[in-house]
Amino acid sequence: MFNLILFGPPGSGKGTQSDKLVDKYGLIHLSTGNLLREEISHKTPLGLEAKSFMDKGRLVPDEVVIGMIGTCLDNHKDAKGFLFDGFPRTVAQAQALDKLLELKKTGISAVLALDVGEDELVKRLLNRGKTSGRSDDSDEDVIRKRFSVYKDETTPVADHYKKAKKFQSIKGEGTVDEIFDAVSKVIDKKMK
Ligand code: B4P
């Protein structure tokens with residue numbers, strides 16, 4: 001199996017690149033952000049709980065997202081690999097993912113981080129907020145809160161994978177196609 005984590009701050013292009021990567025490599029796309037928004041749109045109890053965190057720019061509790069990922073892995077027993085987008089976002093999530101993959105006798109093949117400056121990130125998110133209807137993209141204070149949560153809670157996840165020598169940064173500024181080419185080159189090398 002080839003299991004890839006696309007890593008990076010909010011607005012770095014994880015979702016954008018994931019859509020293209022799953023088409024090219026035939027991986028199963030697991031975006032915790034998309035899964036949570038789906039729960040919110042169906043007004044499930046899980047969705048209502050998640051919304052209260054997401055609207056404030058905070059992370060949804062670990063046990064909620066870990067449970068969701070566990071279910072998705074079980075639902076795709078024959079997958080040739082997974083693309084994790086926006087997960088793991090805490091060290092506890094990374095450790096849980098290691099265990100879940102171990103049970104499937106597999107592991108993380110690579111963690112690719114999209115590197116984008118904060119001014120560009122704010123610009124992208126506010127821009128998306130104009131059309132997406134996403135409440136977490138419309139308010140600059142909430143966007144800044146998401147960055148501070150990223151620095152405090154998600155950056156340590158990078159160290160977790162650096163220790164395992166699986167982490168690589170890629171320039172995330174430029175056109176979507178330029179970044180896609182750069183990411184694809186790294187994946188092609190890792191798949192060899
Ligand atoms: P996510 O859905 O993961 O949202 P994100 O980080 O904001 O988006 P992403 O990084 O994928 O967006 P993209 O750059 O593609 O999370 C939302 C919330 O859900 C979190 O804040 C948290 O509350 C909760 N959550 C999710 N996962 C969780 C977890 N594991 N644990 C706890 N809570 C969790 O796109 C951004 C914009 O940039 C788009 O408009 C796009 O068109 C544009 N763009 C992309 N690439 C570009 C480029 N090269 N140039 C110019 N614009 C570009």
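This report concerns the structure included in the present document. Fair warning: this is a prediction, and the values are worked out from it, not measured in the lab.

## A few points about empty space enclosed by the protein
Considering all chains together, one arrives at one cavity of 30 Å³ or more under this definition. Looking at the largest cavity, its volume works out to about 60 Å³. As for the largest cavity, its lining consists of Ile5, Leu6, Phe7, Gly8, Lys14, Gly86, Phe87, Pro88, Arg89, Tyr150 and Thr154. For the lining of the largest cavity, the residue count by class is six nonpolar, three polar and two charged.

## Regarding the sheet that holds strand S5 (residues 167-171)
Within the open sheet, the five strands sit side by side as S2-S3-S1-S4-S5. Their pairing is parallel. Every other strand in the sheet has two partners, leaving strand S2 (28-31) and S5 as the edge strands with one partner each. Recorded for the sheet is a direction-independent mean angle of 20° between the axes of neighbouring strands. Two elements, strand S4 (residues 110-115) and S5, share five bridges in a ladder whose sense is parallel.

## Regarding the packing of aromatic side chains
Counted according to the given criterion, the structure contains four aromatic pairs. An angle of 45° between the planes, with centres 6.0 Å apart, marks the rings of Phe7 and Tyr150 as tilted. Of this pair, Phe7 sits in strand S1 (residues 4-7) while Tyr150 sits in helix H8 (residues 140-163), and the two are 143 residues apart along the sequence. A relative accessible area of 16% places Tyr150 in the buried class. Ring centres of Phe7 and Phe167 lie 5.9 Å apart, and the angle between their planes is 75°; this geometry places the pair in the edge-to-face category.

## Quick word on the nonpolar core
Grouped together as the largest cluster of nonpolar side chains are 28 residues, with contacts concentrated most on Ile5, Phe7, Phe84, Leu97, Ile108 and Tyr161. Within the residue set of this core, elements represented by two or more residues are S1, helix H3 (45-54), helix H4 (62-75), strand S3 (82-85), helix H5 (91-103), S4 and H8. It is H4 that contributes the most residues to this core, six residues altogether. If near-sequence neighbours (up to four positions away) are discounted, Phe84 is found in contact with Asn3, Leu4, Ile5, Leu6, Leu30, Ile69, Leu73, Leu97, Leu101 and Ile108.

## Regarding the environment of Asp74
Tracing the chain through its elements places Asp74 in helix H4. On the basis of relative accessibility, which here comes to 47%, the residue Asp74 falls in the partly exposed class. C-alpha of Asp74 to C-alpha of Asp137: the two residues are 63 residues apart in sequence and 32 Å apart in space.

## Some details on H5
An ideal rise of 1.5 Å per residue puts 18 Å on 13 residues; H5 measures up with 19 Å between its terminal C-alpha atoms. All of the buried residues in H5 are Gln93, Ala94, Ala96, Leu97 and Leu101. Taken around the axis of H5, the buried residues stretch over an arc of 165°, which confines them to a single face. The exposed set on the far side of H5, more than 90 degrees from its buried face, consists of Lys99, Glu102 and Leu103. Buried residues along H5 sit in contact with S1, H4, S3 and H8. Just past H5, the residue Lys105 takes up positive phi, approximately 60°.

Parameters at a glance
- Residues numbered from 1 in each chain as written.
- Predicted model: local features only at pLDDT ≥ 70, side-chain atom pairs only at ≥ 80, totals over all residues.
- Heavy atoms only, no water.
- 1 Å grid on protein atoms, 1.4 Å probe; cavity = no way out; pocket = protein on both sides within 12 Å on 5 of 7 lines; lining within 4 Å.
- Points joined across faces, edges and corners; volume = space filled by probe spheres on them.
- Nonpolar A, V, L, I, M, F, W, Y, C, P; charged D, E, K, R; others polar.
- Pairing = 2+ DSSP bridges.
- Helix = DSSP H or I, 4+ residues; strand = E, 2+ residues; numbered from the N terminus.
- Axes fitted to C-alpha atoms, helices over the stretch in contact; angles between N-to-C directions.
- Phe/Tyr/Trp six-rings, centres within 6.5 Å; stacked < 30°, edge-to-face > 60°.
- Buried < 20%, exposed > 50% of the residue type's maximum accessible area, 1.4 Å probe, protein only.
- Core = buried A, V, L, I, M, F, W, Y, C linked by side-chain atoms within 4.5 Å.
- Contact = heavy atoms within 4.5 Å.
- Expected span 1.5 Å × (residues − 1).
- Arc of directions from axis to C-beta.

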